[in-house]
There are 2 protein chains.
Amino acid sequence: MCETCGCGHRDSRTVDVRRDVLSHNAEHAAENRARLAARGAAAVNVIGSPGAGKTALLEAVIPRLRSRRSIGVIEGDLKTALDAERIARTGVPVHQINTGDGCHLDAGQVARALDRVSIEPGGLLLIENVGNLVCPASFDLGETLRVVVLSTPEGDDKVDKYPIAFVDASALVISKIDLLPYVGFSVARCREVALALNPRLEVFEVSARTGEGLEPLCDWLGGAGR
Amino acid sequence: MCETCGCGHRDSRTVDVRRDVLSHNAEHAAENRARLAARGAAAVNVIGSPGAGKTALLEAVIPRLRSRRSIGVIEGDLKTALDAERIARTGVPVHQINTGDGCHLDAGQVARALDRVSIEPGGLLLIENVGNLVCPASFDLGETLRVVVLSTPEGDDKVDKYPIAFVDASALVISKIDLLPYVGFSVARCREVALALNPRLEVFEVSARTGEGLEPLCDWLGGAGR
């Protein structure tokens, strides 16, 4: 989380503000969770670096998932509605949040977006967070599952270097495996380090481009909260 | 910058804290800048997403640059000294900063690191920031030049979606151009959007793996602050 929130320039006031913001966020998250549970719906918070392939992953899983569950999507980006436009072409309801210079989504933003994206009873809300492997990890959105997407071109040392994103995640999706022949990424090393950090982690290896590995991921997502 | 700093949960106290932290950072940045200028040295703040290839770029440019200027390196990561170990193998002085859960470097951290990495008169300090395309953009480290690294697998829509990283940068390095045949990235589109946002931007297209495009970048870096 941003040092401005107290992790470097730590005086009592910045620590107080950080605690208040997280406490305020936790209240909204609990409300979101209750609101989804009341409809028998589940939410998945998708985090990962810019360009990890989060939107491409959603574009690939939505057509495979929507026959099993009703889907709604919330997209987070600093600027533009480019991702919401891509998701809209799959035919599911989508709402874009623009954070301006904000480096993550918070539960209050998701609460307001929930007024705009109708989630059917038993449905699944897919939330694509702002591209960032650090800050989103500190903000519970009220999700049922948290998925971190790590693409092969990013390198297999990212779990070591950015553990905050992986330690509490429900699943790690290793994306862009079609690029494995061209990048120096060891899936075995990445799995080993991730599972040592977080033994409960589900690990999926997928390519949104070729479709490889998507079925097991869709089976798991389809069962979210059930 | 992190919403916790006032961009979402905006009450007067969070806005005050954000202003104070940035003001405190600006003081340290001015001190760093004066300290480097007193030695005729320059600093380059290298920002980009996790896995954009920042460390690989430094490993590639250092052997080409060190005959022209004395080099020192500061590495930023949440955890591990993996990047400092890679840089140390090039033979130049390097100091690793671990931010814990901090999403960017700040000027105070760089000031303390400057006590450990001796920069020769006329030398060049290369600072690799924490992998993040949002938060580092708000924190001046006292650098002479700011370079943003965007890798081709991240996609050519990142300037549109994360303009904060590009609007005040001195240069855009489009990295991993050896992967262009395998990823859907338009260099022309990326250049056009970036230059429309920031017409002063120098744009370089490089591959640290093949060495393509490194000479013009090294010529430019070699002249930093001169």
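Report follows, based on the coordinates. (Residues numbered from 1 in each chain as written. Chains lettered and ligands numbered in written order. Predicted model: local features only at pLDDT ≥ 70, side-chain atom pairs only at ≥ 80, totals over all residues. Heavy atoms only, no water.)

### Digging into the sheet that holds strand β7 (residues 202–205) of chain B
Residues and elements named next belong to chain B. Read from one edge of the open sheet, seven strands run β3-β2-β4-β1-β5-β6-β7, paired in parallel fashion. Two strands close off the open sheet at either side, each with one partner strand: β3 (94–98) and β7. Adjacent strand axes in the sheet meet at a mean angle of 20° when their direction is disregarded. Bridge count between strand β1 (residues 42–48) and strand β4 (residues 124–128): five bridges; the pairing is parallel. Residue Asn-45 lies in a different strand from β4, and its bridge partner there is Ile-127. Contacts from helix α4 (residues 107–114) reach β2 (71–77), β3 and β4 within the one sheet, and its direction differs from that of β3 by about 145°. (Pairing = 2+ DSSP bridges. Helix = DSSP H or I, 4+ residues; strand = E, 2+ residues; numbered from the N terminus. Axes fitted to C-alpha atoms, helices over the stretch in contact; angles between N-to-C directions. Contact = heavy atoms within 4.5 Å.)

### Some points on the sheet that holds strand β6 (residues 171–175) of chain A
Backbone-to-backbone hydrogen bonds pair the strands of a sheet. The strands run either parallel or antiparallel. Residues and elements named next belong to chain A. Spatially, β3-β2-β4-β1-β5-β6-β7 is the arrangement adopted by the seven strands of the open sheet, whose pairing is parallel. Across the chains shown, the open sheet's two edge strands, defined by having one partner strand only, are β3 (94–98) and β7 (202–205). Averaged over all neighbouring strand pairs, the angle between strand axes comes to 20°, with direction disregarded. Direction of pairing for strand β1 (residues 42–48) relative to strand β5 (residues 145–151): parallel, over a ladder of five bridges. Bridge assignment links Gly-48 to a residue of β5, and that residue is Val-149.

### Considerations on the packing of helix α1 (residues 12–38) of chain B against α4 of chain B
Residues and elements named next belong to chain B. The interhelical angle for the contact between α1 and α4, taken along N-to-C directions, is 35°, at an axis separation of 8 Å. Both α1 and α4 take part in a crossing whose hand is left-handed. Of the residues in α4, those touching α1 at Asn-25, His-28, Ala-29, Asn-32, Arg-35 and Leu-36 are Ala-107, Gly-108, Val-110, Ala-111 and Leu-114. (Left-handed = near helix turned anticlockwise from the far one by under 90°.)

### Topic: the pairing of β7 of chain B
Regular strands show a simple pattern: their side chains alternate between the two faces of the sheet. Residue and element names in this part refer to chain B. Two elements, strand β6 (residues 171–175) and β7, share four bridges in a ladder whose sense is parallel. Within β7, the residue paired with Val-173 across the bridge is Phe-204. Handedness of the crossover joining β6 and β7 through helix α6 (residues 187–197): right-handed. (Right-handed = clockwise from strand over helix to strand, strands pointing away.)

### A look at the environment of Gly-142 of chain B
Residues and elements named next belong to chain B. Tracing the backbone shows Gly-142 in the loop between β4 and β5 (145–151). For Gly-142, a relative accessible area of 2% translates into the label buried. Distance from Gly-142 to Leu-180, taken between C-alpha atoms, is 34 Å for residues 38 residues apart in sequence. In this view, Gly-142 contacts Ala-29, Asn-32, Arg-33 and Leu-36; residues no more than four positions away in its chain are not counted. (Buried < 20%, exposed > 50% of the residue type's maximum accessible area, 1.4 Å probe, protein only.)

### Observations regarding the packing of helix α2 (residues 54–65) of chain B against helix α7 (residues 214–222) of chain B
Residue and element names in this part refer to chain B. Relative orientation of the contacting elements α2 and α7 amounts to 70°, with a least axis distance of 10 Å. Between α2 and α7, the interaxial angle falls into the category roughly perpendicular. α2 and α7 meet at a crossing whose hand is right-handed. Residues Leu-57, Ala-60, Val-61, Arg-64 and Leu-65 of α2 form the contact with α7, whose participating residues are Leu-214, Glu-215, Leu-217, Cys-218, Leu-221 and Gly-222. (Parallel < 35°, antiparallel > 145°, perpendicular 65-115°, else oblique.)

### Regarding the interface of chain A and chain B
Tallying the contact residues gives 53 residues for chain A and 53 residues for chain B. Inspection of the chain A/chain B interface yields six salt bridges. Counting the contacts that link chain A with chain B gives 10 residue pairs in polar contact (both at pLDDT 80 or more). Sorting the residues of the side of chain A that touches chain B by element identifies α1 (12–38), α3 (82–88) and α5 (158–161) of chain A as the ones contributing at least two each. Among the elements that make up the side of chain A that touches chain B, the one with the highest residue count is α1 of chain A (eight residues). Across the side of chain A that touches chain B, the residue classes break down as 22 nonpolar, 13 polar and 18 charged. (Salt bridge = Lys/Arg side-chain N within 4 Å of Asp/Glu carboxyl O. Polar contact = N/O pair within 3.5 Å; in protein donor to acceptor, adjacent residues only side chain to side chain. Nonpolar A, V, L, I, M, F, W, Y, C, P; charged D, E, K, R; others polar.)

So, to be careful, I would describe these as geometric facts and stop short of saying anything about function.
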